[in-house]
Amino acid sequence: MSKKTLIIGAGGVGNVVAFKCAMNNNTFGEITLASRTLSKCEAIAKHIKEKVGVKLHTMAVNADLVPELVTLIEKVQADIVINVALPYQDLTIMDACIQTGVNYLDTANYEHPDTAKFEYKDQWGRNALFKGSNIMGLLGSGFDPGVTNVFCAYAQKHYFDEIHSIDILDCNAGDHGYPFATNFNPEINLREVSAKGRYWEDGTWIETEPMAIKQVWDYPEIGPKDSYLLYHEEMESLVKHIKGLKRIRFFMTFGESYLTHMQCLENVGMLGIKEIEHKGIKIIPMEFLATLLPDPASLGPRTKGKTNIGIFAKGIKEGKEKTVYIYQVTDHEKCYAEVLSQGVSYTTGVPAMIGAKLILEGKWQGKGVFNIEEFDPDPFMDELMVQGLPWKIMKLEANENRRVD
Ligand code: NDP
């Protein structure tokens, strides 16, 4: 019987997920795209009809409200809900999936609008309810989290008996021509990069001031780039699931202009997430800033250059020290030509589609809430190769490094 797929969120990532599901509609069947603003869904559906020849249904929904979501899911009779709205909606969408008995997938962990915590506690806390409803919840099926977790699981399965250290390396060398803009939702992006840095070593989390640790890594097809240590949510689940791990860190590249703007905005209080009063009106500085910044979905036609995201892992196999580097390079302009989106939305949306595809095809099965590295990485790695995100692996000398500072 033909499947029914519900995508929630018609932003930059939602656009890519909708395109890619339509391009794989033998798996996804009838596709509905729902979001807060119906016109955004309609615009995406129109482009997909023109470029792919597949018709999508569109609906408006306020995903903060469980009853509205339940009505929508029942109306669509969805087999899976792909949540690519904002992290604030994760719990309401999960709860609606529990009530309706429908599988769930997302790309970012839940966040409360008033506190930036980046933790899985509330979502993992729903494990028993997912089991009770006989459904599967797949968390973090984007690129990072997502593909980076799958790269770790693949390295663990094929190259190591134990992985001792992992550095997740995220480089976006794209240029959109604006002095300052974010490549995905500005609020979520700025919360992430302005937070304290954190990494895990010998069983404990070590906190650093924001951007306090800088290293220069050499990214294939891009070259050496300043890379800053950040906390990133996939580390919380990877420390549980990777055997023998002693240290895990996450580095992201930033250019001088981005950092100068960030510093200045921080200094004047524009990154605040607490309400303030301005001429009798209550505003949240970060939300106001997000309104002023370019919509990430509008960066597509302007962005040139490449992204390179991967994992650099060291460990042992049959008593010998080993090092591998698994990475994926994406060209922003190629993404735009294919699905009218820049590379950051593309590299998030394609893995979301792949995770959903593996669930619908029964290749990944389970009852409860799971992080992506808990499943067999092989079918996901195969899909990446054919769905637009081909990856490469470098087997290095045990003591070889990609750092150049
Ligand atoms: P956008 O801001 O472009 O899009 C979010 C969409 O969600 C908007 O269309 C918005 O609707 C909709 N939305 C927001 N609130 C509601 C609501 N209450 N009800 C219904 N719809 C709502 O964000 P992105 O597409 O850039 O990001 C989407 C998700 O992907 C985020 O969770 C982000 O954290 C995640 N992400 C994950 C990455 C990864 O590698 N794992 C990387 C990049 C992003 P409207 O436009 O009407 O406001």
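Residues numbered from 1 in each chain as written. Predicted model: local features only at pLDDT ≥ 70, side-chain atom pairs only at ≥ 80, totals over all residues. Heavy atoms only, no water.

Right, let's get into the overall build of the chain. The helix and strand tally for the chain stands at 15 helices and 18 strands. The C-alpha atoms of the chain give a radius of gyration of 20 Å, which matches the 22 Å a tight globule of 405 residues would have. With the principal axes as the frame, the chain shows a C-alpha extent of 55 × 55 × 40 Å. Within the chain, residue pairs in contact and separated by at least 24 positions form 74% of the contacts whose partners lie at least 6 positions apart. Split by element, the accessible area of the chain, about 16,700 Å² in all, is 50% carbon and sulfur. Across the chain, the 43 positively charged side chains and the 53 negatively charged ones have centroids separated by 3 Å. (Helix = DSSP H or I, 4+ residues; strand = E, 2+ residues; numbered from the N terminus. Rg over C-alpha atoms; globule rule 2.2 N^0.38 Å. Contact = heavy atoms within 4.5 Å. Areas by Shrake-Rupley, 256 points an atom, 1.4 Å probe, with all protein chains shown as cover. Lys, Arg positive; Asp, Glu negative; His and termini not counted. Charge placed at Lys NZ, Arg CZ, Asp CG, Glu CD.)

With their axes 10 Å apart at the nearest point, helix α1 (residues 12-23) and helix α3 (residues 38-52) run at an angle of 35 degrees to one another. The handedness of the crossing between α1 and α3 comes out as right-handed. Contacts between α1 and α3 pair Asn15, Ala18, Phe19, Ala22 and Met23 from the former with Ile44, His47, Ile48, Lys51 and Val52 from the latter. Considered class by class, the residues forming the contact of α1 with α3 number seven nonpolar, two polar and one charged. (Axes fitted to C-alpha atoms, helices over the stretch in contact; angles between N-to-C directions. Left-handed = near helix turned anticlockwise from the far one by under 90°. Nonpolar A, V, L, I, M, F, W, Y, C, P; charged D, E, K, R; others polar.)

Residue proline 145 is reached from aspartate 144 by a cis peptide bond, and omega for that bond is 10 degrees. Considering the arrangement of structural elements, one finds proline 145 in the loop between β6 (136-139) and α8 (147-158). A positive phi angle, near 65 degrees, is found at asparagine 134, a position not held by glycine. When you line up the elements, asparagine 134 lands in the loop between α7 (127-132) and β6. Despite not being glycine, aspartate 202 shows a phi value in the positive range, around 50 degrees.

In this section: the site of the ligand. Neighbouring the ligand are 28 residues; Arg36, Thr37, Lys40, Ala63 and Asn185 lie closest to it. Glycine 11 places a polar main-chain atom, nitrogen or oxygen, 3.2 Å from an oxygen atom of the ligand. Within the side chain of glutamine 89, a nitrogen or oxygen atom sits 3.3 Å from a nitrogen atom of the ligand. If the ligand stood free it would expose 930 Å²; the protein chains cover 93% of that surface. (Near = heavy atom within 4 Å. Polar contact = N/O pair within 3.5 Å; in protein donor to acceptor, adjacent residues only side chain to side chain.)

So, about the pairing of strand β2 (residues 30-35). Consecutive side chains of a regular strand alternate in pointing toward one face of the sheet and then the other. Most of β2 is tucked away, with five of its six residues classed as buried. Note: strand β1 (residues 4-8) against β2, five bridges, orientation parallel. When the bridges of β2 are listed, leucine 6 appears paired with threonine 32. With four bridges joining them, β2 and strand β3 (residues 57-60) adopt parallel strand pairing. Looking across to β3, one finds that serine 35 is bridged to alanine 60. (Buried < 20%, exposed > 50% of the residue type's maximum accessible area, 1.4 Å probe, protein only. Pairing = 2+ DSSP bridges.)

What follows is about the environment of glutamate 221. On the secondary structure map, glutamate 221 appears in the loop between β10 (214-219) and β11 (223-230). Taking the C-alpha atoms as reference, glutamate 221 lies 22 Å from arginine 249; in sequence the two are 28 residues apart. Contact partners of glutamate 221, with chain neighbours within four places excluded, come to Lys306, Val329 and Lys392. For glutamate 221, the side chain forms a polar contact with the side chain of lysine 306, separated by 3.2 Å.

The next thing to look at is the sheet that holds strand β4 (residues 80-83). Overall, parallel pairing links the seven strands, which are arranged β3-β2-β1-β4-β5-β6-β17 in an open sheet. On the outer flanks of this sheet lie β3 and β17 (368-371), each paired with one strand and no other. With direction set aside, neighbouring strand axes in the sheet form an average angle of 20 degrees. Its contacts with the sheet place α3 against β2 and β3, and it is angled at close to 165 degrees to β3. Most of the contacts of helix α4 (residues 66-76) go to β1, to which it runs at about 150 degrees, and overall it touches β1, β2, β3 and β4.

Our focus in this paragraph is the packing of aromatic side chains. Per the stated rule, a full pass over the model turns up 16 aromatic pairs. Pairing tyrosine 104 with phenylalanine 130 gives two aromatic rings, centres 6.3 Å apart and planes at 75 degrees, and the pair type is edge-to-face. One end of the pair, tyrosine 104, is in strand β5 (residues 103-106); the other, phenylalanine 130, is in helix α7, and 26 residues separate them in sequence. According to the relative accessible area criterion, tyrosine 104 is buried, its value standing at 0%. Given the relative accessible area of 0%, phenylalanine 130 is considered buried. (Phe/Tyr/Trp six-rings, centres within 6.5 Å; stacked < 30°, edge-to-face > 60°.)

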